[in-house]
Amino acid sequence: MHSFVYRLNTLVTFSVLLLGVLCAGASILDSFNSHSVRAHVEVLKVNRFRRQLNGNDEVALTLNISVDLQSAFTWNTKQVFVFVAVEYETPKNALNQISLWDHIIPDKEHAKFETQVTNKYLLIDQASFLRIPFCIKNLIIWNMKEHGSNLRGKKIELVLHWHVMPKTGRMIQDKIGVSSFQIPEAYT
Amino acid sequence: MGLFGDSLHSLRSLEIRQAFSQAVSLGIIVASALIIWKGLICVTGSESPVVVVLSGSMEPGFKRGDILFLHMSKDPIRAGDIVVYNVDGRPIPIVHRVIKLHERQGTGEVDILTKGDSNPKDDKLLYARGQLWLQQDHILGRAVGFLPYVGWVTIIMTEMPIVKFRFG
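Chain B appears in an unreviewed UniProt entry as Signal peptidase complex catalytic subunit SEC11 from Colocasia esculenta. Under the UniProt heading Function (unreviewed entry), the entry covering chain B gives this text: "Catalytic component of the signal peptidase complex (SPC) which catalyzes the cleavage of N-terminal signal sequences from nascent proteins as they are translocated into the lumen of the endoplasmic reticulum. Specifically cleaves N-terminal signal peptides that contain a hydrophobic alpha-helix (h-region) shorter than 18-20 amino acids." Its UniProt record gives chain B a comment under Subcellular location (unreviewed entry), which states: "Endoplasmic reticulum membrane".

In the nomenclature of an unreviewed UniProt entry, chain A is known as Signal peptidase complex subunit 3 of Colocasia esculenta. In the Subcellular location (unreviewed entry) part of its UniProt record, chain A is described as follows: "Endoplasmic reticulum membrane". The Sequence similarities (unreviewed entry) comment attached to chain A in UniProt states, word for word, "Belongs to the SPCS3 family."

As structure tokens, then:
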């Protein structure tokens, strides 16, 4: 009556269903984990601040980063991807987000650390090429002084983001603002 | 003799009935798979709500054969999001993380730069020739959920010639 294939089918269906329920359960349990992340990031030094040939401002920084992400880890956590990004507003863009440094934390033991780094990705602004032509005695003069440089004297916010990547289930993203920094007026 | 013929007849009608019921249940399976797929497209707002990771550029987070669930919400894309994007001239979409984002004043148009977590360089070389940024319409969705290994089924189906020959 109940052949081998029939039994195997029932068994496989049941185990797949059970596995699915377990995965969903693990993911749901994750959302009860309230994490309190402590982090401190500050800019130690501006290594380079210049204007590229295409008009974009470029900044290289040294950062001091100390984070404690141990509370973000649960038994369903495969890794935590952490990165520091700057956020600022310019006349052209309502929001600029630029990642400066990132790191993959494989387990809870490595989730608390302090490090000094130079930015892995350069802070390159997107210059506003608002070239305003105006004529003086038949000479067209392009005024791009006002809008070319966005970063001189700019106050930027440093934000620490973390992305909890689970063994299975929903991914969790969160962030905290860590500090703000004013970029110098003068190019180096 | 009459008795034997009768039972043969009833057996045959049972066979036909069984064949019909098998065909119907197969139809139900196919239809429900289609309903689930289209339903997911509706709910998530992404035209391909489930994707299989094919390359190792996001290791160790995502390995080949893992499945990602995409969502295309109204929330704007932000740095750190893992997005799936299409590049003109490339048949297969790419799953990478947003590392730079510029959102215009007023219009809200975005310029996005992505990078694979385990790649040394950002994706500018992967984009179409002359393309520096991704725009909103390149994005297929944002990864919100993750399921390991399940995608191997489709990888084996599409890449192993014997299996392809037998089933497809």
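Here the narrative resumes.
Visitor: So what exactly am I meant to see when it comes to the side chain of Thr77(A) here?
Guide: With respect to the helices and strands, Thr77(A) occurs in strand β3 (residues 77–88). For Thr77(A), the side chain forms a polar contact with the main-chain nitrogen of Thr74(A), separated by 2.9 Å.

Visitor: For this particular structure, what's the right way to read the UniProt feature "domain: Peptidase S24/S26A/S26B/S26C" (unreviewed entry) in chain B?
Guide: Under the UniProt annotation, "domain: Peptidase S24/S26A/S26B/S26C" (unreviewed entry) lies at residues 41–102 of chain B. As annotated, residues 41–102 of chain B comprises 6% helix and 34% strand, and the C-alpha atoms at either end are separated by 28 Å.

Visitor: What am I meant to see in the domain arrangement of chain B here?
Guide: You'll often see interface size given as the accessible area lost when the parts meet. Residues and elements named next belong to chain B. Along its sequence, chain B is organised into domain 1 (1–44) and domain 2 (50–157). Every contact between the two is made by four residues of domain 1 and, on the other side, four residues of domain 2. When the two sides are added together, the surface that domain 1 and domain 2 hide from each other amounts to roughly 290 Å², 56% of it contributed by carbon and sulfur. On the domain 1 side of the interface with domain 2, the three residues burying the most area are Trp 37, Leu 40 and Thr 44, jointly 93% of the side's total. Counting across the interface, domain 1 meets domain 2 through zero salt bridges.

Visitor: Could you clarify how one ought to interpret the layout of surface pockets in this entry?
Guide: The gaps of empty space that remain are located by a probe, the size of a water molecule, rolled over the atoms. As a volume, the largest pocket reaches approximately 450 Å³. Residue lining of the largest pocket: 21 residues in total, with Ile124(A), Lys100(B), Leu113(B), Asp122(B) and Lys124(B) positioned closest to the centre. Of all the secondary structure elements, the ones that give two or more residues to the lining of the largest pocket are β4 (94–104) and β5 (110–115) of chain B. Here the lining of the largest pocket takes three residues from β4(B), the largest share from any one element. A per-class count over the lining of the largest pocket returns nine nonpolar, five polar and seven charged. Here the second largest pocket is characterised by a volume of approximately 370 Å³. Contributing to the lining of the second largest pocket are 18 residues, with Ser55(B), Ile92(B), Pro93(B), Ile94(B) and Val95(B) lying nearest its centre. Of all the secondary-structure elements, those providing two or more residues to the lining of the second largest pocket are β1 (50–52) and β4 of chain B. Classifying every residue of the lining of the second largest pocket by side-chain character gives 13 nonpolar, four polar and one charged.

Visitor: Explain the side chain of His163(A) here, please?
Guide: If you trace the backbone, His163(A) turns up in strand β9 (residues 155–166). His163(A) has contacts with Gln79(A), Val80(A), Phe81(A), Met171(A), Ile172(A), Gln173(A), Gly80(B), Ile82(B) and Arg97(B), leaving out every residue within four places of it along the chain.

Visitor: Can you walk me through the domain arrangement of chain A in this structure?
Guide: Residue and element names in this part refer to chain A. The domain boundaries assigned to chain A delineate domain 1 (1–32) and domain 2 (35–182). With both sides pooled, the region where domain 1 packs onto domain 2 buries about 570 Å², and carbon together with sulfur makes up 54% of that total. For domain 1, the biggest contributors to the area lost against domain 2 are Ala 26, Ser 27 and Asp 30; these three give 71% of the whole. Our count for the domain 1 to domain 2 interface comes out at zero salt bridges. On the surface where domain 1 and domain 2 come into contact, there are three residue pairs in polar contact (both at pLDDT 80 or more). Across the side of domain 1 that touches domain 2, the residue classes break down as three nonpolar, two polar and one charged.

Visitor: Explanation requested: the packing of aromatic side chains in the structure shown.
Guide: Residues and elements named next belong to chain B. Here the structure, examined in full by the defined rule, presents five aromatic pairs over all chains. An angle of 25° between the planes, with centres 5.4 Å apart, marks the rings of Phe 62 and Phe 146 as stacked. With Phe 62 in the loop between β1 and β2 (67–71) and Phe 146 in strand β6 (residues 139–147), this residue pair connects regions lying 84 residues apart in the sequence. Neither Phe 62 nor Phe 146 differs from the other in exposure class; each is buried. Aromatic pair Tyr 85 and Tyr 127: ring centres 5.7 Å apart, planes at 85°, arrangement edge-to-face. Of this pair, Tyr 85 sits in strand β3 (residues 82–85) while Tyr 127 sits in the loop between β5 and β6; the two residues are 42 residues apart in sequence, bridging distant segments of the chain. Residue classification places Tyr 85 among the buried positions, given a relative accessible area of 0%. One Lys or Arg, Lys 124, reaches over the ring of Trp 133 and ends 5.0 Å from the middle of that ring.

Visitor: How should the pairing of strand β2 (residues 57–68) of chain A be read in this particular structure?
Guide: In the case of a regular strand, side chains alternate between the two sheet surfaces. Residues and elements named next belong to chain A. Most of β2 is tucked away: eleven of the twelve residues are buried. Where strand β1 (residues 38–51) meets β2, twelve bridges bridge the pair, whose relative direction is antiparallel. By the bridge assignment for β2, Lys 45 is matched with Thr 62. Here β1 hands over to β2 after five residues, with Gly 55 in that stretch at a positive phi of 100°. In this sheet, strand β6 (residues 123–124) lies alongside β2 in antiparallel orientation, the contact comprising two bridges. By the bridge assignment, Val 59 is partnered in β6 with Leu 123. Pairing of β2 with strand β5 (residues 112–118) involves seven bridges; the strand directions are antiparallel. Opposite Val 67, over in β5, you have Phe 113 as the bridge partner.

What counts, and at which threshold
Residues numbered from 1 in each chain as written. Chains lettered and ligands numbered in written order. Predicted model: local features only at pLDDT ≥ 70, side-chain atom pairs only at ≥ 80, totals over all residues. Heavy atoms only, no water. UniProt positions renumbered as here; feature names shortened; annotations may be inferred. Helix = DSSP H or I, 4+ residues; strand = E, 2+ residues; numbered from the N terminus. Polar contact = N/O pair within 3.5 Å; in protein donor to acceptor, adjacent residues only side chain to side chain. Domains from an automatic or database assignment. Contact = heavy atoms within 4.5 Å. Buried area = accessible area lost by both parts, 1.4 Å probe. Salt bridge = Lys/Arg side-chain N within 4 Å of Asp/Glu carboxyl O. 1 Å grid on protein atoms, 1.4 Å probe; cavity = no way out; pocket = protein on both sides within 12 Å on 5 of 7 lines; lining within 4 Å. Points joined across faces, edges and corners; volume = space filled by probe spheres on them. Nonpolar A, V, L, I, M, F, W, Y, C, P; charged D, E, K, R; others polar. Phe/Tyr/Trp six-rings, centres within 6.5 Å; stacked < 30°, edge-to-face > 60°. Buried < 20%, exposed > 50% of the residue type's maximum accessible area, 1.4 Å probe, protein only. Lys NZ or Arg CZ within 6 Å of the ring centre and 35° of its normal. Pairing = 2+ DSSP bridges.

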